[in-house]
Each structure stands twice: as C-alpha cells, then as structure tokens.
Amino acid sequence: MKKVNWGILSTASIGKKQLIPAIERSINAEAAAIASRGDKAKRAAEELGINKSYTSYGQLLDDPEIDAVYIPLPNSLHKQWVIEAAKHGKHVLCEKPAALNETELQEMLAVCKDYGVKFMEAFMYQFHPLHEKVRDLIREGEIGEISLIRASFSFLLQNDPQNIRLNKELGGGSIYDVGCYCLHSIREILQEEPTQVYAHAKQNTAHVDTTVAGTLSFASGVEAVFDCSFDQLPVNGYEVVGSTGKIEVQNAYRPDKNSDGAGLLRVTKSDGETVEMRVEGDQYKLQVEHFSEAVLEDKAVLYTEEKMLNNIRTIDACYKSIATGKAVRM
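The following refers to the structure shown.

Rules used throughout
Residues numbered from 1 in each chain as written. Predicted model: local features only at pLDDT ≥ 70, side-chain atom pairs only at ≥ 80, totals over all residues. Heavy atoms only, no water. Helix = DSSP H or I, 4+ residues; strand = E, 2+ residues; numbered from the N terminus. Contact = heavy atoms within 4.5 Å. Pairing = 2+ DSSP bridges. Axes fitted to C-alpha atoms, helices over the stretch in contact; angles between N-to-C directions. Parallel < 35°, antiparallel > 145°, perpendicular 65-115°, else oblique. Nonpolar A, V, L, I, M, F, W, Y, C, P; charged D, E, K, R; others polar. Buried < 20%, exposed > 50% of the residue type's maximum accessible area, 1.4 Å probe, protein only. 1 Å grid on protein atoms, 1.4 Å probe; cavity = no way out; pocket = protein on both sides within 12 Å on 5 of 7 lines; lining within 4 Å. Points joined across faces, edges and corners; volume = space filled by probe spheres on them.

Right, let's talk about the side chain of Asp 177 for a bit. Mapping Asp 177 onto the fold places it in helix α7 (residues 174-190). Those residues within four positions of Asp 177 in sequence are excluded, and the remaining contacts are Lys 96, Phe 155, Arg 165 and Phe 230.

Structure representation (structure tokens):
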C-alpha cells in the first residue's frame with residue numbers, strides 16, 4: 001500500500017509521544033522527517049527511528065519527498081507555518097486550536113485552498129468510536145429528548161512562567177488548550193451551533209485564563225454548560241441529559257491514557273436501570289489514517305472548513321464574553 005510521508009515540525013512532546021507512534025501504527029502513513037532547532041531533531045529522529053532530521057522547518061518543507069506535515073507548535077505560530085507548509089505544497093494536520101481567531105483561520109484556509117492542499121485541525125478525540133456510540137444512543141431515543149449537556153476538561157498545571165500554556169503571546173489559556181474540546185464536543189453531539197455564549201474566567205497576573213466556566217444556548221432549546229481549568233485535578237468528560245435518562249462519558253477526550261484506549265460510557269434510565277459500556281479505539285491512529293486516506297485518494301476530510309470556522313467562532317465568542325462580562329449573541 002502506498003503511504004503518506006509525514007514531516008513533523010518540532011520535537012514537541014505530543015508529537016513524540018502520541019502522533020509519531022500513531023503514524024507508525026497506521027497502515028497508510030510513515031514518519032519520514034522531523035525538524036527542530038539545534039540538535040533536538042537529530043536526537044528525536046534517532047530515538048524514534050525517523051530517517052531524516054532537519055535543523056529548520058524550512059529545510060523540511062523544501063524536502064520534495066514529504067507529502068504532509070504535522071504542526072504541534074505553540075498556538076501563536078500555527079498561522080505562519082500552516083501558510084508556509086501550504087505554499088510548499090504540503091498537506092497540513094495542525095494541532096488545536098488551528099488559529100487564535102476567525103480572521104487568522106480564514107486567511108489560513110484561503111491559502112490552503114489556493115495551493116490545493118488539505119488542511120485539518122487535530123481534534124483527535126472525534127475519531128474515537130465512543131462518540132458515534134453516544135450519537136447512536138441519542139438517535140435511538142435511549143434518553144428521550146435532550147435538555148442539557150455538561151462538559152469538563154481540567155488538569156493541574158504548575159505555575160511555571162516558562163510553560164507556553166501560560167504565555168499570552170504564545171496563545172496560552174485554558175480555553176485554547178482544553179476548553180476547546182468541551183465546546184467542540186457539545187456542538188458535535190448536538191450537530192447544532194449555539195445562538196448565545198456566556199463565559200467567565202479566572203485569570204493569572206499575565207491575563208491568561210486559567211479557569212473558565214460558561215454556557216451555550218441553542219435554538220432547539222438545549223442548554224449546555226462547560227468548564228475548563230489549569231487549577232484543578234484531572235477530569236475529562238461530558239454528560240448528556242434527556243427526558244428519560246442520561247449518558248455519562250468518562251475519559252471522553254483522552255481515552256488513550258488507558259492501556260486499551262477505551263472510554264467508559266454509562267447510560268442511566270429514569271427507572272434507575274444503569275448500563276455501562278467500554279468502547280475501545282485508537283484515536284490518534286484513526287486520525288492519522290483518515291487524513292492520510294484523504295491525501296492518497298483526494299477525498300474531503302471529515303472535519304470540514306465549515307466545522308473549523310464554527311468552532312473558532314465559538315471560542316471567539318467566549319473570549320469576547322470574558323472581556324465584556326456579557327453574553328454574546330452568535
């Protein structure tokens with residue numbers, strides 16, 4: 001089988017620990033090159049069994065054998081290097097958030113379209129079969145009519161000023177880092193966009209949001225609440241509440257932290273009956289294979305331009321609400 005030759009821009013931990021191993025587990029992709037400043041890329045290449053290493057991102061992009069690149073750089077650098085990759089004819093899988101605002105994303109999408117390359121934001125969790133199972137249960141009427149969704153994603157981050165998550169200039173903040181998953185999952189489960197967004201934040205002395213809580217309202221009548229934080233013990237999951245039951249999803253965004261890659265789904269009915277299901281999946285591998293298949297067969301990617309734009313618009317609305325202290329109409 002023909003494989004996509006992947007280049008990785010930077011030696012960021014998520015690339016070394018998650019994406020590159022997922023590429024190697026996949027059936028249609030190969031990690032062909034990695035780039036970073038100094039000798040970091042050479043050491044990473046030796047450690048991970050990658051044939052080529054480069055001391056600059058530009059050198060990697062100049063390599064004619066590279067088909068696609070993965071970009072796990074700080075959020076503030078996504079726009080620059082997505083555009084550079086597109087101009088070099090490379091397809092791009094970029095870590096979330098793909099951009100810091102809608103204006104940036106619109107420009108990135110336009111350049112990728114002009115140069116005929118595929119571009120997708122790396123919300124890896126959406127490829128796990130756990131979430132399609134949730135949608136199936138909702139469609140089958142297992143919990144009746146949905147009235148509320150709750151989503152949470154938090155972890156305890158030490159107050160290290162060198163951490164890019166706490167650097168405003170680099171695109172730090174809990175919404176960009178983990179809250180975006182909550183916003184994404186709420187909208188994906190409902191297959192609907194919010195009509196109103198409200199958010200409130202706790203910020204550190206550098207004006208970076210470290211804890212955020214908010215609400216989304218939908219035309220269907222569903223209300224959603226979300227929270228994300230760098231100040232709390234680890235939690236990641238969501239709950240869908242209906243008229244005759246509820247669905248709780250544990251390890252919703254990072255089931256890969258379990259040895260079998262499984263997320264736990266619990267359905268509780270109004271009569272007290274409870275059913276638990278473990279749904280296994282390799283979300284990083286599935287993401288890589290999906291994008292690689294789109295490249296090899298010139299197919300559209302699952303996570304479309306419209307979906308990417310709708311997600312960043314929701315993030316923008318959260319930050320506008322935090323800044324003004326008011327709800328934002330969408």
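A few words now on the sheet that holds strand β12 (residues 245-250). Strand order in this open sheet of nine strands is β14-β13-β12-β11-β7-β10-β9-β8-β15, and the pairing throughout is mixed. Edge positions in the open sheet fall to β14 (274-279) and β15 (328-329), since each of these has one partner strand only. For strand β8 (residues 194-203) and strand β9 (residues 209-218), the ladder comprises nine bridges, and the chain directions are antiparallel. Within β9, the position partnered with Ala 201 by the bridge is Val 212. Running at roughly 160° to strand β7 (residues 146-156), α7 makes contact with β7, β8, β9, β10 (223-229) and β11 (231-242) of the sheet. This element, helix α9 (residues 305-324), spans β8, β9, β10 and β15 of the sheet and lies at about 55° to β8.

For the pair helix α4 (residues 78-87) and helix α5 (residues 102-114), interaxial distance at closest approach is 9 Å and the crossing angle is 10°. By the angle class used here, α4 and α5 are roughly parallel. Across the interface between the two elements, His 78, Lys 79, Val 82, Ile 83, Ala 86 and Lys 87 of α4 pack against Glu 104, Glu 107, Met 108, Val 111 and Cys 112 of α5. Partitioned by chemical class, the residues of the contact of α4 with α5 number six nonpolar, one polar and four charged.

The next point concerns the pairing of β12. Two faces make up the sheet, and in a regular strand the side chains alternate between them. Of the two faces of β12, only the one carrying Gly 245, Ile 247 and Val 249 is buried; Lys 246, Glu 248 and Gln 250 on the other face are not. In this structure, β11 lies alongside β12, joined through five bridges in antiparallel fashion. From the neighbouring strand, Val 240 faces β12, where its bridge partner is Ile 247. Hairpin connection between β11 and β12: a loop of two residues separates the two successive antiparallel strands. Inspection of the sheet shows β12 paired to strand β13 (residues 263-269) by six bridges, in the antiparallel sense. Residue pairing for β13: Gln 250 is matched across the bridge by Leu 264.

Considered as a void within the structure, the largest pocket measures approximately 1,300 Å³ in volume. If you go around the largest pocket, you meet 43 residues; those closest to its centre are Ser 13, Ile 14, Ile 164, Arg 165 and Asp 177. When grouped by side-chain class, the residues that make up the lining of the largest pocket number 19 nonpolar, 15 polar and nine charged. Within this model, the second largest pocket holds a volume of roughly 240 Å³. Among the elements of the structure, α5 and α9 are those that each provide at least two residues to the lining of the second largest pocket. The dominant element in the lining of the second largest pocket, judged by the number of residues it contributes, is α5, at three residues. Of the residues in the lining of the second largest pocket, the class split is eight nonpolar, one polar and four charged.

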